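Close look at the chain arrangement
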Amino acid sequence: MRLSDLQAITHDDLLITRLGTRTVDTPLQELLGNRQESVHYVTETDRVLLDDTLGMAKGRVERTEDLPAFNPGGPRAKLFFDPSEVTAAIVTCGGLCPGLNNVIRALVLHLRHAYGCRDVLGFKNGYQGLADGSDPVRLTPDLVRDIHTRGGTILGTSRGSQDAATMVDTLVAHRIDMLFVVGGDGTLRGASLLADEAARRGLPIAVVGVPKTIDNDIPWIDHSFGFQTAYARAAESITAAHTEASSGVNGIGLVKLMGRHSGFIAAHATLVAQGVDFTLIPEVPFTLDGLLAGIRKKLADQGHAVVVVAEGAGQDLLPASTATDPSGNRKLGDIGAFLRQEISEGLGDLPYSLRYIDPGYAIRSVPANAFDAVYCTRLAQAATHAAMAGFTSMMVGSRRGRFINLPIKLATATSNHVDPHGDLWMAVLETTGQPVRF
Ligand SMILES: Nc1ncnc2c1ncn2[C@@H]1O[C@H](COP(=O)(O)OP(=O)(O)OP(=O)(O)O)[C@@H](O)[C@H]1O
Ligand SMILES: O=P(O)(O)OC[C@H]1O[C@](O)(CO)[C@@H](O)[C@@H]1O
Ligand SMILES: [Mg+2]
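Bear in mind that the values here come from a model prediction, so they are computed numbers and not experimental data. (Residues numbered from 1 in each chain as written. Chains lettered and ligands numbered in written order. Predicted model: local features only at pLDDT ≥ 70, side-chain atom pairs only at ≥ 80, totals over all residues. Heavy atoms only, no water.)

**A closer look at the overall build of the chain**
For the chain, the helix and strand inventory stands at 14 helices and 17 strands. Whereas a compact globule of 438 residues would reach a radius of gyration of roughly 22 Å, the chain reaches 23 Å, a difference of no more than 12%. Referenced to the eigenvectors of the C-alpha coordinate spread, the extents of the chain come out at roughly 75 × 55 × 40 Å. A buried classification covers 54% of the 438 residues belonging to the chain. The long-range share in the chain, meaning contacts at least 24 apart out of those at least 6 apart in sequence, stands at 78%. (Helix = DSSP H or I, 4+ residues; strand = E, 2+ residues; numbered from the N terminus. Rg over C-alpha atoms; globule rule 2.2 N^0.38 Å. Buried < 20%, exposed > 50% of the residue type's maximum accessible area, 1.4 Å probe, protein only. Contact = heavy atoms within 4.5 Å.)

Following this line, the structure appears as structure tokens:
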């Protein structure tokens, strides 16, 4: 597919759909009036280049205006919507993620205080709440005042598919002008269908995504929110495993971390905690014999070994399954339990102590850390600016430190993976000292 091929992406693929002409003066005029172009501020007439190396840009186009470049995030002087007449809505979908409440809070406060929007509604329990006829909650500044200190989402969340036409009917019934969809890859696919259905009916409803997922598998952006909090938490389990392992006789610490198809949590947590001997991720295959030989060698050399395994790693070693969750995500085999068993059996008569830690949901049900709290607020503000300008079928995110608006279809055409040839994985290999292949 063309959108998954970096070299095939054109200028037009990065254009953001607009609901119509912008004629309304922004209430943020005071803020915007004195802004000056700088390396840190991209005006709306400028664009954020897709390519950032000569090699990538070389030979792509003849005229620089045709270079693929992103629509910059941020406030616009002219708006599509008249804020005083706007009813906005928020929905949170998919697995929990640190920062969901920060995004809800920042959306509500920015919409109500900065823009003076009439109302913000929250649909409960993910897309389910847009399809089951339940009443949305009225999200007032008072209601959201303290929610950023808590994990989870005050709106609830769910997995499972809902009919786009039914959901658009709900938006129409509640006179929603803009829907903020907070979720991961699946949620964004759903948002894309919603935007398509609204467009098919000629409805001027802005659908804007805010990229959530601890797996960090959403492409094109620096990271999704919640990811950093999650890997910081995960690192605590690695430190515990290392402490246990290094204090035992032939101690082995085995830590299983979330990360369905992308090993970013395992890779980053390894770099935070240090002391890991083997990091196993979905993107890099390994053999059981190779791992066991490596563990034996570590026990002989240093008296302990620490293994970190992402839940999606080594799936080829487990019985194949076609089971899926309600959203259609493939259910994975339990690589942690499998490795615990295989390591125990594989070490034969060697005396050892194995401590297995699976922090599981504990890394994603916590409140956002300082970094994610900042990012969530900025994402929510960028999302509000984009919706007010009448942009739709798009997602906000930071790319190489700049906030951009990018088409949802681009964001769902591929997934973000740890590149086995990239600098991140190189840093992991350098840190663990594990073989490149084993
Ligand atoms: N291809 C799709 N088309 C329409 N809706 C989808 C699609 N994939 C998923 N959804 C819907 O989006 C919602 C969330 O999807 P999912 O459970 O996969 O989580 P996610 O957004 O990918 O987040 P995470 O992976 O971080 O948990 C669910 O209600 C699901 O039915
Ligand atoms: O058990 P649940 O809630 O379906 O979610 C588990 C999955 O959600 C995530 O946290 C995010 O996609 C994955 O890392 C994990 O595999
Ligand atoms: Mg997902």
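**Quick look at the domain arrangement of the chain**
On domain assignment, one finds that the chain holds domain 1 (3–224 + 368–411) and domain 2 (230–364). Listed as interface residues are 12 residues of domain 1 and, on the opposing side, 14 residues of domain 2. Summed over both sides, the interface of domain 1 with domain 2 buries roughly 1,100 Å², with 49% coming from carbon and sulfur. On the domain 1 side of the contact with domain 2, Arg-159, Ile-214 and Asp-215 bury the most area, a combined 54% of that side's loss. Taken together, domain 1 and domain 2 are joined by 1 salt bridge. For Arg-159, the salt bridge identified is with Asp-325, shortest N-O distance 3.6 Å. At the surface where domain 1 touches domain 2, the tally comes to 1 residue pair in polar contact (both at pLDDT 80 or more). (Domains from an automatic or database assignment. Buried area = accessible area lost by both parts, 1.4 Å probe. Salt bridge = Lys/Arg side-chain N within 4 Å of Asp/Glu carboxyl O. Polar contact = N/O pair within 3.5 Å; in protein donor to acceptor, adjacent residues only side chain to side chain.)

**Details of the sheet that holds strand E10 (residues 206–211)**
The strand order E3-E4-E17-E16-E10-E9-E6-E7-E8 describes an open sheet built from 9 strands, whose pairing is mixed. Edge positions in the sheet fall to strand E3 (48–49) and strand E8 (137–138), since each has one partner strand and no second. By the bridge criterion, 6 bridges tie strand E16 (residues 394–399) to strand E17 (residues 402–407) in an arrangement that is antiparallel. Paired with Gly-397 across the bridge in E17 is Ile-404. Sheet contacts for helix H7 (residues 185–200): strand E9 (178–183), E10 and E16; angle to E9, the most-contacted strand, approximately 160 degrees. (Pairing = 2+ DSSP bridges. Axes fitted to C-alpha atoms, helices over the stretch in contact; angles between N-to-C directions.)

**Some details on the site of ligand 1**
Residues in contact with ligand 1 amount to 19 residues; listed here are only the nearest, Gly-95, Gly-160, Asp-185, Thr-187 and Ser-327. In the model, an oxygen atom of ligand 1 is placed 3.1 Å from a nitrogen or oxygen of the Thr-213 side chain. A distance of 3.0 Å separates an oxygen atom of ligand 1 from a polar side-chain atom of Asn-329. In terms of residue count, H7 provides more of the shell around ligand 1 than any other element does, 6 residues in total. Among the residues making up the shell around ligand 1, the classes are represented as 2 nonpolar, 12 polar and 5 charged. When residues of the shell around ligand 1 are assigned to domains, at least three fall in each of domain 1 (3–224 + 368–411) and domain 2 (230–364). (Near = heavy atom within 4 Å. Nonpolar A, V, L, I, M, F, W, Y, C, P; charged D, E, K, R; others polar.)

**A short note on the site of ligand 2**
Contacts to ligand 2 come from Arg-159, Ile-214, Asp-215, Met-258, Gly-259, Arg-260, Glu-311, Tyr-361 and Arg-364. In the model, an oxygen atom of ligand 2 is placed 2.9 Å from a nitrogen or oxygen of the Arg-159 side chain. Asp-215 places a side-chain nitrogen or oxygen 2.6 Å from an oxygen atom of ligand 2. Across the complex, the protein chains shield 80% of the 400 Å² of accessible surface that ligand 2 would expose by itself. Per-domain counts for the shell around ligand 2 show at least three residues from each of domain 1 (3–224 + 368–411) and domain 2 (230–364). (Areas by Shrake-Rupley, 256 points an atom, 1.4 Å probe, with all protein chains shown as cover.)

**Some words on the pattern of salt bridges**
Within this structure, the stated rule accounts for 21 salt bridges. Between Lys-78 and Asp-25 there is a salt bridge whose closest N-O contact spans 2.5 Å. With Lys-78 in strand E5 (residues 78–79) and Asp-25 in strand E2 (residues 24–25), the pair connects residues that are 53 residues apart, well separated along the chain. A residue is classified by how much of its surface remains accessible, and Lys-78, at 36% relative accessible area, is partly exposed.

**Comments concerning the nonpolar core**
Of all hydrophobic cores here, the largest spans 110 residues; its most connected members are Ile-90, Met-178, Phe-180 and Phe-225. Here the element with the most residues in this core is helix H12 (residues 370–388); it accounts for 9 residues. Two domains each donate at least three residues to this core, and these are domain 1 (3–224 + 368–411) and domain 2 (230–364). Among residues more than four places away in sequence, those in contact with Ile-90 are Ile-104, Leu-107, Val-108, Val-120, Leu-121, Gly-122, Phe-123, Leu-139, Leu-155, Leu-179, Phe-180 and Val-182. Of all hydrophobic cores here, the second largest spans 22 residues; its members include Phe-286, Ala-313, Leu-339 and Phe-438. (Core = buried A, V, L, I, M, F, W, Y, C linked by side-chain atoms within 4.5 Å.)

**Regarding helix H9 (residues 264–273)**
H9 sits mainly inside the fold: 7 of its 10 residues count as buried. Within H9 the residues assigned to the buried category are Phe-264, Ile-265, Ala-266, Ala-267, His-268, Ala-269 and Thr-270. Check the buried side of H9 and you find it contacts helix H8 (227–247), strand E11 (251–257), strand E12 (278–280), strand E13 (304–310) and helix H14 (423–432). Within two residues after H9, Gln-274 carries a phi angle of roughly 65 degrees, on the positive side.

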